[in-house]
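# Fold and contact review
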Amino acid sequence: REIRILVDRAKINALMMPMEVLIQRLRAENVTVPAGHFIEGDREISVRTVGEFASVEAVRDLVIATGRDGSIVRLRDVASVDDGFEERRGRIRVNGEESVTFDVLKQSGTNTVEVAHAVKAAVAALNGKLPDGMTVSPLIDQSHFIERDVETVEHDIVFGGVMAILVILFFMLDLRSTLISSVALPTSVIGTFFVMYVLGYTLNMMTLLALSLAIGLLIDDAIVVRENITKHLERGKPAFQAALDGTEEISLSVLATTLTIVAVFIPVAFVKGIVGQFFRQFGITISAAVLISLLVAFTLDPMLSSRFSKPVDHHAVDPWFAVKRPFVAFFKALDDAYRAVLEWAVTHKVMVGLLAIGSLVLMQRAALSTGSEFVNAEDRGQYVLEIELPAGTSLEETARLTKPAENELLKNPNIRAIYAQLGVNNEINKSLWRVVTTPKLERKQSISELKEAGRMVALKIPKAHVIVADPPFVEGAATEAAIMVAVRGPDYVGIEPAARQLAKILMNTPGVQDVQMKYSPGKPELQLEVDRAKAADRGLTVGQVAMALRTAMDGAEAGKLRSGGDDVTIRVLFDETDRHTAADLEQLSVMSPKGPTKLADIATFVRADGPQVIEREARSRQIQVWASPGGRALGDIVKDIKPQIAAIKLPPGGSIFYDGQIRLMNENNSSMGNAMLLGIVFIYIILASQFESFIHPLTIMVTLPLAFVGAIIALFLAEYTIAMGSLIGLILLMGLVTKNAILLVDRAIVRVREEGETPLQAILEAGPERLRPILMTSAAMILGMLPTAIGKGEGSEFRAPMGVAIIGGVLSSTLLSLVVIPVVYLAVESVKAWIKARFRRETGVRAEAAE
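Residues numbered from 1 in each chain as written. Predicted model: local features only at pLDDT ≥ 70, side-chain atom pairs only at ≥ 80, totals over all residues. Heavy atoms only, no water.

## Observations regarding the overall build of the protein chain
Here is the rule we go by: By the criteria applied, helices consist of DSSP H or I runs no shorter than four residues and strands consist of E runs no shorter than two, each listed in order from the N terminus. The atom set for the radius of gyration is the C-alpha atoms, and the globule formula is 2.2 Å times the number of residues raised to the power 0.38. Categorising residues by exposure relies on relative accessible area from a 1.4 Å probe, with only protein chains included: less than 20% of the type maximum marks a residue as buried, more than 50% marks it as exposed, and the intermediate range marks it as partly exposed. Throughout, a residue-residue contact means that at least one pair of heavy atoms, one from each residue, lies within 4.5 Å.
Within the protein chain, the regular secondary structure consists of 29 helices and 23 strands. For the protein chain, whose C-alpha radius of gyration is 38 Å, the value lies well above the compact-globule estimate of 29 Å for 851 residues. Counting only C-alpha atoms and orienting by the principal axes, one finds that the protein chain spans roughly 130 × 70 × 70 Å. Looking at the protein chain as a whole, 49% of its 851 residues qualify as buried. The contacts of the protein chain with a sequence gap of at least 6 include a subset with a gap of at least 24, amounting to 77%.

## Looking at the environment of Thr-230
Just so we agree on the cut-off: Polar contact criterion, stated in full: a pair of N or O atoms within 3.5 Å, where within protein one must be able to donate a hydrogen and the other to accept it, and residues adjacent in sequence count only if both atoms are side-chain atoms.
By secondary structure assignment, the location of Thr-230 is in helix H10 (residues 220-234). Once the C-alpha coordinates of Thr-230 and Met-672 are considered, the two residues, 442 residues apart in sequence, prove to be 40 Å apart. Setting aside residues no more than four positions away along its own chain, Thr-230 makes contact with Met-172 and Ser-177. Within the structure, Thr-230 has its side chain in polar contact with the backbone oxygen of Arg-226 (distance 2.8 Å).

## Observations regarding the packing of helix H9 (residues 205-218) against helix H28 (residues 759-790)
A pair of packed helices is captured by two measures, namely the crossing angle of their axes and the spacing between those axes. Note the cut-off: The convention used is that axes are lines fitted to C-alpha atoms, helices contributing only their stretch in contact, and that angles between N-to-C directions extend from 0 to 180 degrees. In these notes the angle categories are as follows: under 35 degrees is roughly parallel, over 145 is roughly antiparallel, 65 to 115 is roughly perpendicular, and the rest is oblique. The hand of a helix crossing depends on one turn: near helix anticlockwise from the far one by less than a right angle means left-handed, and clockwise means right-handed. Throughout, the ten residues Ala, Val, Leu, Ile, Met, Phe, Trp, Tyr, Cys and Pro are labelled nonpolar, Asp, Glu, Lys and Arg are labelled charged, and all others, Gly among them, are labelled polar.
Two numbers describe how H9 lies on H28: the axes approach to 8 Å, and their chain directions differ by 155°. As the angle between them shows, H9 and H28 are arranged roughly antiparallel. H9 and H28 meet at a crossing whose hand is right-handed. For the pair H9 and H28, the contacting residues are Ser-212, Leu-213, Gly-216 and Leu-217 in the first and Ala-780, Met-781 and Met-785 in the second. Across the contact of H9 with H28, the residue classes tally to five nonpolar, two polar and no charged.

## Looking at the sheet that holds strand S9 (residues 382-388)
Condition: We call two strands paired when DSSP finds no fewer than two bridges between them.
Across the sheet, six strands lie side by side as S8-S7-S10-S11-S9-S12; this open sheet has antiparallel pairing. Pairing within the sheet leaves two strands with one partner each, and these edge strands are strand S8 (97-98) and strand S12 (465-469). As paired strands, strand S10 (residues 415-424) and strand S11 (residues 427-437) are joined by eight bridges and run antiparallel to one another. Paired with Ile-418 across the two strands is Val-435, which belongs to S11. Helix-sheet contacts for helix H16 (residues 395-410) involve strand S7 (91-94), S9, S10 and S11, and the interaxial angle to S10 is about 170°. Where helix H17 (residues 447-458) meets the sheet, its contacts fall on S9, S11 and S12, and the angle it forms with S9 comes to roughly 20°.

## Concerning helix H2 (residues 19-29)
For the record, the criterion: This arc corresponds to the set of directions leading from the helix axis out to the C-beta atoms.
Among all positions in H2, only Met-19, Leu-22, Ile-23 and Leu-26 are buried. On an axial view of H2, the arc spanned by its buried residues comes to 95°, and they lie on one face. For H2, exposure combined with an orientation more than 90 degrees from the buried face picks out Gln-24 and Ala-28.

## Observations regarding the pairing of S12
A large share of S12 lies buried, amounting to four of its five residues. With five bridges joining them, S9 and S12 adopt antiparallel strand pairing. Looking at S12, one finds that Glu-388 is bridged to His-465.

## Quick word on the pairing of strand S16 (residues 556-563)
Sheet topology places S16 next to strand S17 (residues 566-574); six bridges connect them, and they run antiparallel. Its bridge partner being in S17, Glu-557 is matched across the sheet by Arg-571. The hairpin formed by S16 and S17 contains two residues between the paired strands, and Gly-564 there has a positive phi angle of roughly 65°.

## Regarding empty space enclosed by the protein
Let me state the cut-off plainly: Grid points spaced at 1 Å and placed over the protein atoms alone form the basis of the search, with a cavity being a set where a 1.4 Å probe fits but cannot get out and a pocket an open set showing protein on both sides within 12 Å along at least five of seven lines. Lining residues have an atom within 4 Å of a point. Grid points are joined across faces, edges and corners, and a volume is the space filled by probe spheres set on the points.
One pass over the full model with this rule turns up six cavities of 30 Å³ or more. One number sums up the size of the largest cavity: a volume of about 70 Å³. Residue assignment for the lining of the largest cavity shows that the elements contributing at least two residues are helix H27 (724-755), H28 and helix H29 (796-850). For the lining of the largest cavity, the leading source of residues is H27, giving four residues. Across the lining of the largest cavity, the residue classes tally to four nonpolar, four polar and two charged. Size it by volume and the second largest cavity reaches roughly 50 Å³.

## Concerning the confidence of the model for the protein chain
Here is the rule we go by: pLDDT measures how confident the predictor is about each residue, on a scale from 0 to 100.
Predicted confidence across the protein chain gives a mean pLDDT of 83, with 94% of residues reaching 70 or more. The lowest-confidence element of the protein chain is strand S21 (residues 616-617), averaging 71 in pLDDT; the highest-confidence one is helix H23 (residues 634-646), averaging 89.

## Notes on the nonpolar core
For the record, the criterion: Among buried residues, those of type Ala, Val, Leu, Ile, Met, Phe, Trp, Tyr and Cys that are joined through side-chain atoms within 4.5 Å constitute a nonpolar core.
Formed by 141 residues in total, the largest nonpolar core has its most connected members in Leu-213, Phe-279, Phe-282, Ile-483, Leu-506 and Ile-806. Discounting residues that sit within four places of it in the chain, Ile-483 has contacts with Leu-506, Val-512, Val-625, Trp-626, Ala-627, Ser-628, Pro-629, Leu-634, Ile-637 and Ile-662. If you look at the next biggest cluster of nonpolar residues, it comprises 41 residues, including Val-7, Leu-540, Ala-552 and Leu-588.

## Notes on the pattern of salt bridges
Side-chain pairing between opposite charges can occur once the charged atoms of the two side chains come close. Test applied: One speaks of a salt bridge when a side-chain nitrogen belonging to Lys or Arg is within 4 Å of a carboxyl oxygen belonging to Asp or Glu.
In this structure the tally under the stated criterion is 33 salt bridges. For Asp-245, the salt bridge goes to Lys-237, with nearest N and O atoms at 2.9 Å. Note that Arg-455 is salt-bridged to Asp-514, the shortest N-O span being 2.6 Å. Highlighted residues: Arg-455 in helix H17 and Asp-514 in strand S14 (residues 512-517), separated in sequence by 59 residues. Like Arg-455, the residue Asp-514 is buried in the burial classification. Each of Glu-249, Arg-747, Arg-751, Glu-757 and Glu-769 takes part in a single network of salt bridges with overlapping partners.

## Considering the packing of H16 against H17
Contact pair H16 / H17: the axes reach a minimum separation of 9 Å and the direction vectors enclose 150°. Classified by the angle their axes make, H16 and H17 are roughly antiparallel. Every pair of crossing elements has a handedness; the one defined by H16 and H17 is right-handed. The segment H16 lies against H17, with Ala-405, Glu-408 and Leu-409 engaging Ala-453, Gly-454 and Val-457. When the residues that make up the contact of H16 with H17 are grouped by side-chain class, the tally is four nonpolar, one polar and one charged.

This is the structure:
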């Protein structure tokens, strides 16, 4: 709403009153000023001059001058005062019909789903009170995607938990052991909920994702502890003693394995930038979950074992022997096969080493072919389509040209709604569509096919430039293209050629589409060139002339009118008939010390073309070039374009800035790389303190590249790129895969130290002894991740690469570490023995020389 005072130029000129004087008069008449106070008896009385306009009629009746004959001239005599609206610079259409839309934003710290449900209830109540033919309906509901995603993750958590329990039953063939170990799952999850409550976290996508990844880990510690207790029970020990000895014997290994997981996720929780904002709750939740599972494994699991277990009587008749027989035979065959493989490996160390190096080379080749992105493209049932018409196209013409395209696209049965915003960011030649499709699982067409259909329809609009993009990664943020490169410099004359060369590079790059230079210099423009000498002769500056023209054309605010609870702007400008042509503008008067002066006397109007928008960033003019990937990974495109863009000749003071998903991808890779490096350092520190050795932590950490082998190859085979989701999977692997090596190396070290065995004897015995818990924990993680890896529901594009990377990494690290780690351990022990022997010889020679 706006009070528009449209001044008649001829009438105001007849009064010899410039616009500036009229505006000052209006401001001076529309005031309320406190004057002070005085004491009246025992009371203090405030004094105030009340002069604000009370109504539009009061504005119309304002006396602005007195004629020579003494007559009163009111504002309504020289201008029309309309209680109307601001000039329209934008329109909204929903499904081709004129609409009014509004956004409902949740307050910081509140729950999106709860707010959405409350809004839907309010909308339902409002619809019953509206006039016939008018409805209010939600258009874009962020909570729908969240709820579907949460349901999928909850399903994955339950499935993972059930699979982990079945793994225990399969390997241990004991219902009692299965039930005792399974208690760790609900106990750890409930404990994690309590930590989340204390920290103020909600059950959102990131915390539930953390729990779904941790579900295979929460039972690992209990499995290892229970399996070791079972070994002591099989030796005939009483339940209490077996629980005590079994837990104590394995405690160092279990503590080390859990702390390594925490070590890799704590850095992720404190990463800066957008990655840190998303994964802070993720890292802290998963760390809390595994720490609670460690506590359960060291307390609840041994307690239950001491109370409900019983020593194994090898002479007693087992009623379930017939059922267990095939499983027992399978495990014996598995143990025998592994013993044979292990014996072969330790006698063919060079060949095993070449096998490990070859797998790393294969991983490198697969990594080069995999490609990288910020996030994998998700099918959220929406996409954004931006249409730009030639500069200078009016709002009405933009609406007319885009209407048939909207109607044609709505004929597609997979399109539910089109929210069209005409006049984007005050640029009336642009239209931004938010296209809402049917849910992913309810249609056969992919989101890529629907995007291409929308692009083809929009390109039918004459002279239209089209960009198709995904909705903002963070809902509510500005729409951006995946590829955004900005050329910056002091002026457009210098940076425009560089921007056009950049756009040409993108057009010629394979896999790049929708290239658009965000610079429209063809807008018709009428430029006022002031004769400084003539203006100075009348006591005017260029700034005064410019402001007078701006007031006449666009208007100036002359105050506010208080109407109810609103403050309505009062805007003064010339009537449209007096500013319709260049000849009209030449007759405008400017107040000078020598009296009113016409623009025609001190300036001339020149027709030219100018930029539609002047964009500045970092105190420089900038031109952005937008584009979208088309069937090619963003990282591969960036590798191609960066050297070419770096060769562009820039003007003095010019620079190139990468924005959009390129910037986010670089930030993500840098943040994740730093988190991985910190994780490696923390893992080494923890292992060195646990094993009291600087060498054997390196033996254990050989599993890290072995895990990445399977992860990268699995991503390559599944045709996924390396993005944020898969990087999270790689970080989780860093904590997971060291578990197997820790169990193996720790047992070997104990046998060497406490039982006096040689390193070769120790590793040949430790391998088969730790085979079953290693396979159990790996199988629990793989089966727990299976629904995530093969899921096709909403949000699966983000989670599936994570699951694929984890499954591939666990498989490769388990198979390779069971063979490679013993070889590395023996190699390290051989080097240590050689160094010790040489040291003894040298010290012996020195002793003989001294004698």
